[in-house]
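Per-entry structural report
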Amino acid sequence: MEETTKPRSLGEHIRQARIAKGLSGAQLGRLAGTNSSNITRIESGETASPTLELLRRIAGALDLDLAEVLAYCGVAVSPAAPTLRVYLRRTYPGLPDEAVREAERAVARIVEKYGAGH
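All of the points below concern the structure found in this document. (Residues numbered from 1 in each chain as written. Predicted model: local features only at pLDDT ≥ 70, side-chain atom pairs only at ≥ 80, totals over all residues. Heavy atoms only, no water.)

Summing up its helical and strand segments, the chain has seven helices and zero strands in all. Its helices and strands in sequence order give the chain the pattern α-α-α-α-α-α-α, from N to C terminus. Expressed as a percentage of its 118 residues, the buried residues of the chain come to 26%. For the chain, the share of sequence-separated contacts (at least 6 apart) that also reach a separation of at least 24 residues comes to 46%. When the 16 positive and 14 negative side-chain charges of the chain are each reduced to one mean point, those points stand 3 Å apart. (Helix = DSSP H or I, 4+ residues; strand = E, 2+ residues; numbered from the N terminus. Buried < 20%, exposed > 50% of the residue type's maximum accessible area, 1.4 Å probe, protein only. Contact = heavy atoms within 4.5 Å. Lys, Arg positive; Asp, Glu negative; His and termini not counted. Charge placed at Lys NZ, Arg CZ, Asp CG, Glu CD.)

This part is about the nonpolar core. I14, L28, I58 and L62 are the most contacted members of the largest nonpolar core, which has 17 residues in total. Going through the elements one at a time, α1 (10–20), α2 (25–32), α3 (36–44), α4 (52–62) and α5 (66–71) are the ones with two or more residues in this core. A per-element tally of this core places α4 first, with six residues. With near-sequence residues (within four places) excluded, I58 lies in contact with I14, L28, A32, I39 and I42. (Core = buried A, V, L, I, M, F, W, Y, C linked by side-chain atoms within 4.5 Å.)

Before going further, it helps to spend a moment on the pattern of salt bridges. Applying the stated rule across the entire model yields twelve salt bridges. Between D97 and R89 there is a salt bridge; the shortest N-O distance is 2.2 Å. Here the salt bridges do not stand alone but share partners, grouping K21, D63, R85, R89, D97 and E104 into one network. (Salt bridge = Lys/Arg side-chain N within 4 Å of Asp/Glu carboxyl O.)

A few words now on α3. Burial in α3 covers these residues: I39, I42 and E43. One face of α3 carries all of its buried residues, which in axial projection span an arc of 95°. Check the buried side of α3 and you find it contacts α1, α2 and α4. Taken from the residues just after α3, G45 is the one with a positive phi, measuring 90°. (Arc of directions from axis to C-beta.)

On to the environment of G11. Tracing the backbone shows G11 in helix α1. A C-alpha to C-alpha distance of 9.8 Å links G11 and V69, two positions 58 residues apart in sequence. Each residue touching G11, except ones within four places of it in the same chain, is listed here: I42 and E43.

Here it is in structure tokens:
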């Protein structure tokens, strides 16, 4: 069994998560709404401080906790409940992507019906 070491940098963290999901840099770029060269620069450390919005999209594409990603940039964020997507991925790792999207749609309908905002 191969043991994964804790990444030392933001780039290593993103690279490990991308590889674990079986994604290429180009695929992650498409999922995060950016190009593969941005992903390459972040992973190599050339871009050490990407924008918050880009980090949010990358974290979402990789099912990572944004607070953990930001910690690699030296930003401390108060612990918060994970997103539904992150919770489902952690709790039910074998759940297919369509099931996660279905759960997100169901929760969105409930929130809309009962008017519960963030």
